[in-house]
Amino acid sequence: MRPFAYDRAPDASSAVATVTGHPGASYLGGGTNLVDHMKLGVARPDLLVDISRLPLDGVDELPDGGLRVGATVRNSDLAAHPLVRQRYPVLSRALLAGASGQLRNAATTAGNLLQRTRCVYFQDTTTACNKRSPGSGCAALGGYNRYHAVLGASPHCVAVHPSDMAVAMSVLDAVVVILGADGERRVPLQEFHRLPGDSPERDTVLEHGELITAVELPPLPHGGRSGYRKVRDRASFAFALVSAAAVLESADGVVTDVRVAFGGLAHKPWRAVRAEASLLGAPASEESFRDAAEAELDAAEPLPGNEFKVPMARRTLTALLRELSTEGRT
């Protein structure tokens, strides 16, 4: 690991000022992703600004019934919070599926959103990777790509975003609260992560120095049910081959509100807008759920080695929606 300087920020504004004024600086929260990448030589900050002790670790109820989740809330605390378990089971389930207890005790809300891809070529500095070294190429295109994207990829990058939590927050219409040198701004989570395009090195819309201070969750619709389903290579903690999150509300057997997102399929949590359009006003039936999944996945462009993801995603979403549609029935 290369030498680096360390600074403990006294407050959020000071942290932003320090990182904004230092091109080689990075924020340090839980460190579960950044420190690994520093050891591998993937990340090389020359200054770490520690924000872990800032008062950003609260989960507070908002006047409309939503929640404001501080940036440094630990994943384990968020998953176990009574209001999260009661009102947002999709989020609690996604967090519990995402990592071991040891990692959840260290990882933070903001850090989870800012995870970088687990592509083996990104983490191996001897290989070509446009995300790590722009313009060097993408070794995954002709290499091992079992875990890689089937939606929204580009010729420059086929990596996927690894977060489970972010997929759940996508269907919750979460808003990311960001503090920068020019003040605070709010970005819908669905606009926070980027598709690779021709600049895959940029994972998010954050500018250098901007700091996530919170994530806000609006209330779910009355009667809406939410859930998360993850398919992985082993039952213990592993990254998703395919995951699906959904919020579903129906009345008299007809879908009245629905939100769907996939994980493991794209460079960002993939909001399945075609599936949502197909389902809204349709019967809450197995056939409708399957048709909606197929409508979304018609645009898939799998690679040799990950073609299985398309039927797996269709079955995963269909099963999740079926589960949600039957909850509470006698």
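Look up a bit, the structure's there.
Rules of the game
Residues numbered from 1 in each chain as written. Predicted model: local features only at pLDDT ≥ 70, side-chain atom pairs only at ≥ 80, totals over all residues. Heavy atoms only, no water. Helix = DSSP H or I, 4+ residues; strand = E, 2+ residues; numbered from the N terminus. Buried < 20%, exposed > 50% of the residue type's maximum accessible area, 1.4 Å probe, protein only. Contact = heavy atoms within 4.5 Å. Areas by Shrake-Rupley, 256 points an atom, 1.4 Å probe, with all protein chains shown as cover. Lys, Arg positive; Asp, Glu negative; His and termini not counted. Charge placed at Lys NZ, Arg CZ, Asp CG, Glu CD. Pairing = 2+ DSSP bridges. Axes fitted to C-alpha atoms, helices over the stretch in contact; angles between N-to-C directions. Salt bridge = Lys/Arg side-chain N within 4 Å of Asp/Glu carboxyl O.

Asker: Tell me about the overall build of the chain, and name the residues and values.
Answerer: Along the backbone of the chain there are 12 helices and 12 strands. Summarising its shape, the C-alpha atoms of the chain cover approximately 60 × 50 × 35 Å along the three principal directions. Considering the chain as a whole, with its 330 residues, one finds that 53% of them fall into the buried category. Intrachain contacts of the chain at a sequence separation of at least 6 include 64% that bridge at least 24 residues. Working note: accessible area of the chain is about 14,200 Å², and carbon and sulfur atoms make up 51% of it. Looking at charge distribution, the chain has the averaged site of its 35 positive side-chain charges lying 6 Å from that of its 37 negative ones.

Asker: Please set out the sheet that holds strand E9 (residues 225-231) residue by residue, giving values where relevant.
Answerer: As summarised here, the arrangement of the 4 strands in space is E9-E10-E11-E12, forming an open sheet in which the pairing is antiparallel. One side of each edge strand has no neighbouring strand; the edge strands of this open sheet are E9 and strand E12 (270-271). In the sheet, strand E10 (residues 242-251) pairs with strand E11 (residues 254-263) via 9 bridges, with the strands oriented antiparallel. Bridge pairing links Glu249 to Asp257 in E11. Sitting on the sheet, helix H5 (residues 89-98) touches E9 and E10, and the angle it makes with E9 is about 20 degrees. Against the sheet, helix H12 (residues 309-326) touches E9, E10 and E11, its axis set at about 35 degrees to E10.

Asker: Which residues make up the side chain of Ser170, and what are the values?
Answerer: Inspection of the secondary structure puts Ser170 in helix H8 (residues 165-171). Other than its neighbours up to four places away in sequence, Ser170 contacts Leu189, Gln190, Ala261, Pro269 and Arg271.

Asker: Any chance you could break down the pattern of salt bridges for me, citing the residues and the numbers?
Answerer: Counted under the stated rule, the structure contains 17 salt bridges. Here Arg53 ties to Asp50 by a salt bridge, and the two come within 3.2 Å at their closest N and O atoms.

Asker: Describe in detail the environment of Ala106, supporting the description with residues and values.
Answerer: Turning to its location among the elements, Ala106 is positioned in helix H6 (residues 101-106). When sequence neighbours within four positions are dropped, the list of residues in contact with Ala106 reads Gly30, Thr32 and Arg74.

Asker: Outline the pairing of E9, listing residues and values.
Answerer: In terms of residue burial, E9 counts as a mostly covered element, since 5 of its 7 residues are buried. Across 7 bridges, E9 lies against E10 in antiparallel orientation. Note on E10: the bridge partner recorded for Lys230 is Ser243.

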